[in-house]
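Each chain, written out:
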Amino acid sequence: MSIKKYEIGRPDSDGECGIDLEFSVENKYDEDVMLIKYDVFHIGKNGYVIASDLRNSNECLLEKGDVEDLQSWGTVHQRYLSSGKEVGVQVQARLFKREFFKFGPFKIPENEEVALLEAKVDSETINNDIKISLARSAPDDDGAVQIEFMTKIINLKNVYLESPELKVSLFDRTGAEIENNSDSSDLTPYSAAILRPSCWGLKPKKLKGGSVEFSITIYQQIGVETIEGTANFVL
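Residues numbered from 1 in each chain as written. Predicted model: local features only at pLDDT ≥ 70, side-chain atom pairs only at ≥ 80, totals over all residues. Heavy atoms only, no water.

Please give an account of the overall build of the protein chain that cites residues and values.
When you go through the protein chain residue by residue, the secondary structure sums to one helix and 15 strands. Taken over the C-alpha trace, the protein chain has a radius of gyration of 23 Å; the compact-globule value for 235 residues is 18 Å, which it surpasses by more than 25%. With respect to the principal axes defined by its C-alpha atoms, the protein chain has extents near 70 × 45 × 30 Å. By residue count, 44% of the 235 residues in the protein chain fall in the buried class. (Helix = DSSP H or I, 4+ residues; strand = E, 2+ residues; numbered from the N terminus. Rg over C-alpha atoms; globule rule 2.2 N^0.38 Å. Buried < 20%, exposed > 50% of the residue type's maximum accessible area, 1.4 Å probe, protein only.)

Would you mind going over the sheet that holds strand β11 (residues 177-184) in detail, with residue names and values included?
Taken together, six strands build an open sheet; the order of strands is β4-β3-β6-β14-β10-β11 and the sheet is antiparallel. Strands at the two margins of the open sheet, each flanked by one partner only, are β4 (49-62) and β11. For this sheet the average axis-to-axis angle between neighbouring strands, irrespective of direction, equals 20°. Relative to β11, strand β10 (residues 165-171) is paired through seven bridges, and the arrangement is antiparallel. Counterpart to L170 in the pairing with β11 is E179. (Pairing = 2+ DSSP bridges. Axes fitted to C-alpha atoms, helices over the stretch in contact; angles between N-to-C directions.)

Explain the nonpolar core to me, and be specific about the residues and the numbers.
The nonpolar side chains of soluble globular proteins are, as a tendency, buried together. In this structure, F103, F149, L170, V212, F214 and I216 are the most contacted members of the largest nonpolar core, which totals 31 residues. Of all elements in the fold, only β6 (88-107), β7 (113-120), β8 (129-136), β9 (145-154), β10, β12 (192-195), β13 (198-202) and β14 (211-230) reach the threshold of two or more residues within this core. Once residues within four sequence positions are removed from consideration, L170 is found in contact with I108, I147, F149, A176, E177, I178, E179, C199, L202, L207, S211 and V212. (Core = buried A, V, L, I, M, F, W, Y, C linked by side-chain atoms within 4.5 Å. Contact = heavy atoms within 4.5 Å.)

What follows is the structure in structure tokens.
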């Protein structure tokens, strides 16, 4: 990792100074990196935090040796800079590999009922037998229906899985997508979670002869990279 640009600008009328940060992350690992999550901490005198930019994520595809350029913006009030220009930045980037599974299509029930769907995946981390219930509601007063999905995901390893996701996509009889939604939940080692995406406000005519497809995305952290730099003031 390296800092490519780190500038703190002039204060505006409210005393806020813009922060412009650019940095790069390299995949040093033997596995492809498919997601980078990063947090940025701006540090003032004696190590005190004066601003931050948290919970950023960037989907990518990095083979070993590849580099991804990333950015961060923010503001810091000039009161934090009054003691001098001793401002630095700390970036913590977490790198993830990915498993991705897609299955279907399955027929959407024509009437109010519960359909039980099954699929098999070839995963290193979760249960390979996927069982999904599809519950179609009766039309409401506006003539629209709701479809709810529910499945259980089991973490089979002693690893933390961050936000595994079940995505559902509904298609009409011609194959055009009419709706999609997803649900996710963190999974601690050897734990289980219930994922329950749903779609609502659907017109029965659009669903007639339609189908549903599913995908499951699993991210597992493979490394952490940390970098530090010093600000270039343009005050």
